[in-house]
Amino acid sequence: MTLTDTAPLHKGLDNVYVCESKICFIDGENSRLYYRGYSIEELSQKSTFEEVAYLLLNGSLPTAKNLTSFKNELLSASTPSRHLLEWVAENSRNSDPMDILRTSLSMLSITDKGSESGGQDANLTRGVHILGAAPTIVAAISRARRNLSTVPSPGLSSLAANFLVMHRGEEPDEFDTRAMDQALILHAEHDLNASTFSAIVTASTLSDMYSAVTAAVGTLKGPLHGGANEAALRFVEHVGTPANAEKEVNDTLDRGQRIMGFGHRVYKNYDPRYKILKATSKELCERKGLATMYATAEAIEKAAVARLSDHKILPNVDFFSGIVFKALGIETELFTPVFTMSRISGWAAHVLEYLSDNRLIRPKSVYTGELDRRYIPIKERGA
Ligand SMILES: CC(C)(COP(=O)(O)OP(=O)(O)OC[C@H]1O[C@@H](n2cnc3c(N)ncnc32)[C@H](O)[C@@H]1OP(=O)(O)O)[C@@H](O)C(=O)NCCC(=O)NCCS
C-alpha cells in the first residue's frame, strides 16, 4: 500500500493557496507589489508608515481625522508597563533580541485584561496595541544591550521618529526620519510568507492576537526569513571593500553557500522593495560617511547577479535594508526586531481578515514510516 496516492505533496507549501485575501498582491514575474491595491512605489514615496498601517488594518487610507486618532492610539500604547520595561532592561544584555521581543510582546497580554475575548474590534485594538508598544520595547532592548537606560516614549506622532529618539536618545533629522519611515513601509506586509502564515495558523484555532503575533515573531527570527538582512550586512562587512567582492562572492557560491539577501520564493525577477532601498541606502551612506560600505554592497550585488541571475536569483528586500538600518545607526542584531516592529501591521491585518472567514488550518503529512511494528518491552531492548 502506498500512502501518497490520495493527494499531491506540496513540500514547503509551494504554490498552495489557503485563503482569499485583499491585503497584498505580489506579481513575482513583473516585480510588482501592492498593499490593498496601492503600489509599493507610490506608498513609499507619498505615504507615512501610520497611513500604511491603517490602510493594511482597515482596508482604506485614513482621513485626516482617522489618522489623528490612529496615531493617538499608537502613542498611548507606546508606554508599556514599567514592570515589562524593567524586565527588558534586566534581560537584554546577553540574550537574543528576538527572544526578548517575542517574550515581551507575549507579556503585553498580561496587562490586557480579557485578552482572550473575541470580536474583530477587540482584535483590531489588540493589534494596534502591539504595534504601538513594539518600538518602545525594541529601543529598550537596544539600549540595555549598550548599557544605556531606557528612554521613555517622547510622544512624537511619527512612529519612526519616536523610535529613533528612544533608540538614540536624541532627535533624528528629517532625512533619517523619512528613511526610517520608508523602511517601515517597505517591511510592513508581504502576503502569506512564513511568519504571516504562522500568525493565521495560530489565529485559526481561535487563540488570540497576542499568541498569533508571538508565533509570527518566532517564525520571523529564522535566517531564511527575517534574519537574512543581518546575514547580508555581515557578509558586506566581512567582504570589507569593493575590490574583494567578486572573489568572496565566487568563493561563497563555489563552497555551495548562499548569498544572503538574494533569491525569493515568489519573486523570480528583482524585488521592487530592493530598488527603493538601494536608492535610499546610497543617499544615507553618502550623508553618513559610509560610502565604502555602500560601494562594497554594490560590488557584491554585481558579482552575485553575474553568477545567479540566470537562475532567477536576484536581490531581495534584505540586501539593502541592512545597509539602510546600519546607516541609521541601528546595530546589526536589531535588524530583525526593527523589521518586526513594522510587520506587526501586516500580521494583524491578516489575522483580522482570516478570522472574518475562519477555517481551522490543519494540513496533513504523507506518512512514510512503518506500520504494525512489533512492540518490544523495555527490558528486551538492549543497552
Ligand atoms: C529565500 C529562499 C529561501 C527562497 O528560495 P526557494 O525558492 O525556496 O529556493 P530553494 O531554496 O529551493 O533554492 C533553489 C536553488 O537556488 C539556489 N539558491 C537560492 N537562493 C540562493 C542564494 N541566495 N544564493 C545562492 N543560491 C541560491 C539554491 O541553492 C538552490 O540551488 P540547487 O537547486 O542547485 O540546489 C532562498 O532564495 C534563500 O535561501 N535566500 C537567502 C536568504 C534570504 O535572502 N532570505 C530572505 C528572503 S526575503
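Quantities reported herein were computed from a predicted structural model and do not represent experimental measurements.

Visitor: Go over the domain arrangement of the protein, please, and point to the residues and values.
Guide: One can read the domain layout of the protein as domain 1 (18-220 + 332-355) and domain 2 (228-327). Each partner contributes residues to the interface: domain 1 has 26 residues there, and domain 2 has 27 residues. Buried area between domain 1 and domain 2, both sides added, is near 2,300 Å², and the carbon and sulfur share of it is 62%. When residues of domain 1 are sorted by the area they lose upon contact with domain 2, Phe-175, Thr-332 and Phe-335 head the list and together hold 28% of the total. At the junction of domain 1 with domain 2, the criterion picks out one salt bridge.

Visitor: Any chance you could break down the environment of Phe-70 for me, citing the residues and the numbers?
Guide: For Phe-70, the location among the structural elements is in helix H3 (residues 64-77). For Phe-70, a relative accessible area of 3% translates into the label buried. Filtering out sequence-adjacent residues up to four positions away, Phe-70 remains in contact with Glu-50, Ala-53, Tyr-54, Leu-57, Val-128 and Leu-131.

Visitor: How would you sum up the sheet that holds strand E1 (residues 24-27)? Please name residues and give values.
Guide: In space, the three strands of this open sheet follow the order E1-E2-E3, with antiparallel pairing throughout. Looking at which strands have only one partner, the edges of the open sheet turn out to be E1 and strand E3 (38-39). Note: strand E2 (residues 32-35) against E3, two bridges, orientation antiparallel. Following the sheet pairing, Tyr-35 is matched in E3 by Tyr-38.

Visitor: Can you explain the pattern of salt bridges? Please cite residues and give values.
Guide: All told, the structure shown has 20 salt bridges when counted by the stated rule. A salt bridge links Asp-181 to Arg-178; the shortest N-O distance between them is 2.8 Å. Of this pair, Asp-181 and Arg-178 are both found in helix H8 (residues 174-187), three residues apart, which corresponds to roughly one turn of the helix. Take Arg-178: its relative accessible area is 32%, and that puts it in the partly exposed class. One salt-bridge network, held together by shared partners, links Asp-99, Arg-102 and Lys-221.

Visitor: Residue-level account of the environment of Phe-49, with values.
Guide: Inspection of the secondary structure puts Phe-49 in helix H2 (residues 49-58). Taking the C-alpha atoms as reference points, Phe-49 and Ser-345, 296 residues apart in sequence, are found 9.7 Å from one another. For Phe-49, the contacting residues outside a window of four places in its chain are Leu-131, Leu-159, Asp-181, Leu-184, Ile-185, Ala-188, Met-341, Ser-342 and Ser-345.

So, how was this worked out
- Each residue is numbered by its place in its chain's sequence as written, counting from 1.
- In keeping with the predicted nature of the model, local features appear solely for residues at pLDDT of at least 70, side-chain atom pairs appear and are counted solely at 80 or more, and the whole-chain, interface and lining totals rest on all residues.
- Excluded from the side-chain calculations are hydrogens and water; all other atoms, namely the structure's heavy atoms, are used.
- Per the annotation, domain bounds derive from an automatic or database assignment of domains.
- Every residue pair with non-hydrogen atoms within 4.5 Å of one another is taken to be in contact.
- Note on terms: buried area is the combined drop in 1.4 Å-probe accessible area of two parts once they are placed together, counting the loss on both.
- Only one rule defines a salt bridge in this text: a Lys or Arg side-chain nitrogen within 4 Å of an Asp or Glu carboxyl oxygen.
- The secondary structure listing takes helices from DSSP runs of H or I that are at least 4 residues long and strands from runs of E that are at least 2 residues long, numbered from the N terminus.
- Here the term buried applies to any residue with accessible area under 20% of the maximum for its type, exposed to any over 50%, and partly exposed to those in between, with areas from a 1.4 Å probe on protein chains only.
- Note on pairing: two strands pair once DSSP finds at least 2 bridges between them.

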